[in-house]
Amino acid sequence: MTVTSDTPPTTQVGGVWEALRTVRDPELDADVVSLDFVASCSISDDGVAHVRLRLPTYFCAPNFAFLMVADAWDAVSQVPGLQDVDVELIDHFASDAINAGVAARAGFVTSMAGSEVGEAVSELDGLRRNFTERALMAGTDLVVRPLMAAGATPEQVVAMTLGEVPASADLRRLRERRRELDIPADDDAPLVVDPVGRTVGLEALPLHLRKARSYQVGVDANTSICRGQLAARYGL
Amino acid sequence: MYEKDGEKYFIVDSHMHYWDASPENWVEGAEQYAKGWIECFHAYQGLGPAETHQPIEEFQKVSEEQLMREEFEEGHVDVAIFQSTYLREWYKNGFNTTEQNGALFRKYPDKFRVNSRFDPRDGDAGMREFEKNVEEYRPLGVKLYTAEWNGESRGYKLTDPECYRFLERAQELGIRNIHVHKGPTIWPLDKDAFDVSDVDHAATDFQGLNFIVEHVGLPRIEDFCFMATQEPNVYAGLSVVTGGLMHARPRFHAKVMGELLFWVGEDKMLFGSDYNIWTPKWQVEGLVDWDFPEGHDYDDYPRLGTDGKKKILGLNAAKLYDIEVPAECQISAESSAPASPDDAELVDDRAVSQA
């Protein structure tokens, strides 16, 4: 493979993969690379990045599919040295409408209008927000559960700041989701907040954490089913 | 009936099908959807034990002989409830219509109950078809697919005025159990087809009806749980939970069961195999043997004992469908009383942290 820019090709393809790692399935709160949704990724001789995305089923929800294809396009476009970007969703009932819509930067509503798939009546910002809020709840479970297992009392947990929690991948992710929701995520910000950023009092804490756990179990269960479907579909 | 360690379990498979997804039944011009649909179902089967996997050709349409064998002879099932699903946009004669299912019901009336269906968007003609089906098969339940496409429409909500009209009529006609598909598959666009808030409202407005949420609202299981805990007439339909997770991901299965036991409770959970995505045999045997795995991850979930398993595997559904249960499979009166009111108290304030 040769490319027109000065960047060595392997590094550049690596950059595309790296960019794809920032694209996530909002429902599963995991990135498309670790979910194995990237069927192929290459750079052709003319310097164009070609990314093929695949999903667990032919009927995966088109709204989420659209978000992932659009996000992949945006992320890969940031990789320096590329002449162009081509992201294609394969093996999906709405592939044509989604691919054409994303390539034309048309937005979800326009992309779906007149397609075989049907009409969409709203853009997807609300959906993204909704799932980021769920991710905040699920992430709260992942971060707080080990603290309590290690003996932290409810009184301590409600008084804790993010800076007091030992560093972990889960904590990093929780901070990211909070920033996406415009909820403070610095060291001095409270550890436990609800999806609109309000602190949670001692009395409300048990129910809050119980719910946070339910969200996390939901994410785990969905991820299991999606991974299983993908493996069955592509013989992974 | 299934017997293990001296305990007898009466088995009601509350969610199964007798479908025809063979190429002969695909609608011309919509073949890709008909094919995509059944392939998607087939991939689900892949989540069950390897020895139960079928080639796609067999999976598309099983014979009557095979269904009877896999449900009743090998599958331990006493009574199976057909959940009719139409999908006429892609399948010429429907995927599994009331009539298709009803033919088997006529032949083996002791083995089956056949649930009908309606689609409020079909208007008066749909109402007449529904009334005719009820008259013919005397169902106690219906299966509703709120995300099903119908002409220009991409789905409906139970709270749509047209749907209330059907629910009112269903109640007059003696229907008691509304099975609502809130789970994976079919294509919700921007409309949220997994949203269960319409069930919440309908369950409040129709206290005389029971609402069984099939597939427990996956992928939004938590929304379903927070809702079901508030509504005494809302039940959890376990199909997909058992079939899709118990074998493939036992630890996640245990957590989902834990959540359901905590929020919904063993009195309101119904086993369903989702045949012929998955056969009942391994699911029934697996649930009877099931317990939480070792480890503190599961400490705060309610335990499930033999009585609870009997309820989930058959007694709860038998109650909803007036199915007579032999005395040897019953459980004592005390243990059949509703459990754990304390759990319900905890969740009174559902406004808190609901994303």
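What you see is a predicted model; the values in this text were computed from it and never measured.

Here the focus is the sheet that holds strand β9 (residues 234-237) of chain B. All names here are of chain B. One open sheet accounts for five strands, arranged β6-β7-β8-β9-β10; its pairing is parallel. Strand pairing shows two members of the sheet lacking a second neighbour, β6 (141-144) and β10 (269-270), which therefore form its edges. Strand direction decides the pairing type here: strand β7 (residues 177-181) and strand β8 (residues 210-214), joined by five bridges, are parallel. Its bridge partner being in β8, His 179 is matched across the sheet by Ile 212.

The next thing to look at is the domain arrangement of chain A. Residue and element names in this part refer to chain A. As far as domains go, chain A holds domain 1 (9-123) and domain 2 (126-226). The C-alpha centroid of domain 2 is placed 29 Å from the C-alpha centroid of domain 1. In this assembly, nine residues from domain 1 lie in contact with ten residues from domain 2. Per-class residue counts for the side of domain 1 that touches domain 2 are five nonpolar, two polar and two charged.

Residues and elements named next belong to chain B. The interhelical angle for the contact between helix α4 (residues 98-107) and helix α5 (residues 123-137), taken along N-to-C directions, is 5 degrees, at an axis separation of 11 Å. Classified by the angle their axes make, α4 and α5 are roughly parallel. Of the residues in α5, those in contact with Thr 98, Gly 102 and Phe 105 of α4 are Asn 133, Glu 136 and Tyr 137. Here the residues of the contact of α4 with α5 sort into two nonpolar, three polar and one charged.

Each partner contributes to the interface: chain B provides 38 residues, whereas chain A provides 39 residues. At the level of elements, α1 (31-45), α8 (221-228), α9 (241-246) and α10 (250-263) of chain B are the ones that each hand at least two residues to the side of chain B that touches chain A. In terms of residues, the side of chain B that touches chain A owes the most to one element, α1 of chain B, which gives eight residues.

Turning our eyes to something else, we now look at the nonpolar core. Residues Leu 20, Ala 65, Val 69, Ala 72 and Val 76 of chain A together with Val 213 of chain B are the most contacted members of the largest nonpolar core, which totals 166 residues. Ranked by residue count, the leading element in this core is helix α2 (residues 62-77) of chain A, at ten residues. When residues of this core are sorted by domain, at least three fall in each of domain 1 (9-123) and domain 2 (126-226) of chain A.

In the predicted model, chain B carries a mean pLDDT of 90, and the fraction of residues at 70 or more is 90%. Segment residues 339-355 of chain B: pLDDT under 50, and 28 contacts once partners within four positions in sequence are set aside and those in other chains are kept.

The subject of this paragraph is the environment of Pro 120 of chain B. All names here are of chain B. As for its position among the elements, Pro 120 is in the loop between β5 (112-115) and α5. Taking the C-alpha atoms as reference, Pro 120 lies 17 Å from Phe 211; in sequence the two are 91 residues apart. Not counting the four nearest positions on each side in its chain, Pro 120 is found in contact with Tyr 156, Asp 160, Glu 162, Cys 163 and Phe 166.

Cis geometry marks the peptide bond from Tyr 275 of chain B to Asn 276 of chain B, where omega comes out at -5 degrees. Assignment of secondary structure puts Asn 276 of chain B in the loop between β10 and α11 (280-289). With phi around 50 degrees, Asp 29 of chain A is a residue other than glycine that occupies positive phi space. Note on placement: Asp 29 of chain A falls in the loop between β1 (24-25) and β2 (30-31). Overall, Asp 29 of chain A belongs to the buried group, with 21 C-beta atoms counted inside 10 Å. Backbone geometry places Asp 182 of chain A, a non-glycine residue, at a positive phi of 60 degrees. Within the fold, Asp 182 of chain A resides in the loop between α7 (169-180) and α8 (205-234).

Residues and elements named next belong to chain B. Structurally, the position occupied by Phe 130 is in helix α5. You can call Phe 130 buried: it has 23 C-beta atoms within 10 Å. The spatial distance from the C-alpha of Phe 130 to the C-alpha of Pro 302 is 41 Å, given a sequence separation of 172 residues.

Residues and elements named next belong to chain B. Among the secondary structure elements, Glu 285 is positioned in helix α11. Residue Glu 285 is classed as partly exposed on the basis of its 14 C-beta neighbours within 10 Å. Residues Glu 285 and Glu 3, 282 residues apart in the sequence, show an inter-C-alpha distance of 9.5 Å.

In a regular helix each residue adds 1.5 Å, so 15 residues correspond to 21 Å; α1 of chain B covers 21 Å between its end C-alpha atoms and thus fits that length. Looking at α1 of chain B, one finds that the buried residues are Tyr 33, Ala 34, Trp 37, Ile 38, Cys 40, Phe 41, Ala 43, Tyr 44 and Gln 45 of chain B.

Two faces belong to every sheet, and in a regular strand the side chains alternate between them. Residues and elements named next belong to chain A. The two faces of strand β4 (residues 48-53) differ: Ala 49, Val 51 and Leu 53 on one face are buried, but Val 48, His 50 and Arg 52 on the other face are not. Here five bridges tie strand β3 (residues 38-43) to β4, and the two strands are oriented antiparallel to one another. Bridge pairing in β4 links Ser 42 to His 50. Taking the residues between adjacent antiparallel strands as the criterion, β3 and β4 are bridged by four residues, where Gly 47 takes a positive phi near 80 degrees. Bridging between β4 and strand β5 (residues 84-89) involves six bridges; their strand directions are parallel. For Val 48, the partnering residue across the bridge sits in β5 and is Asp 84. The handedness of the β4 to β5 crossover, carried by α2, is right-handed.

All names here are of chain A. Pairing within the open sheet is mixed, and its three strands lie in the order β3-β4-β5. A single partner strand is all that each edge strand has here, and the edge strands are β3 and β5. The mean inter-strand angle of the sheet, taken between neighbouring strand axes irrespective of direction, is 10 degrees. Strands in contact with α2 are β4 and β5; relative to β5, the strand with the most contacts, it is inclined by about 160 degrees.

Under the feature "domain: MIP18 family-like" (unreviewed entry), the UniProt entry names residues 16-88 of chain A. Secondary structure over residues 16-88 of chain A splits into 29% helix and 29% strand, and the C-alpha atoms at its two ends are 14 Å apart.

Residues and elements named next belong to chain B. Of the two faces of β5, the one carrying Phe 112 and Val 114 and the one carrying Arg 113 and Asn 115 are both buried. With four bridges connecting them, strand β4 (residues 79-83) and β5 associate as parallel partners. Pairing of Gln 83 across the sheet is with Asn 115, part of β5. Considered for its hand, the β-α-β crossover made up of β4, α4 and β5 is right-handed.

Conventions used here
- Residues numbered from 1 in each chain as written.
- Chains lettered and ligands numbered in written order.
- Predicted model: local features only at pLDDT ≥ 70, side-chain atom pairs only at ≥ 80, totals over all residues.
- Pairing = 2+ DSSP bridges.
- Helix = DSSP H or I, 4+ residues; strand = E, 2+ residues; numbered from the N terminus.
- Domains from an automatic or database assignment.
- Contact = placed C-beta atoms within 7 Å.
- Nonpolar A, V, L, I, M, F, W, Y, C, P; charged D, E, K, R; others polar.
- Axes fitted to C-alpha atoms, helices over the stretch in contact; angles between N-to-C directions.
- Parallel < 35°, antiparallel > 145°, perpendicular 65-115°, else oblique.
- Core = buried A, V, L, I, M, F, W, Y, C linked by C-beta atoms within 7 Å.
- Buried ≥ 20, exposed ≤ 12 C-beta atoms within 10 Å, placed from the backbone.
- pLDDT = per-residue confidence, 0-100.
- Expected span 1.5 Å × (residues − 1).
- Right-handed = clockwise from strand over helix to strand, strands pointing away.
- UniProt positions renumbered as here; feature names shortened; annotations may be inferred.

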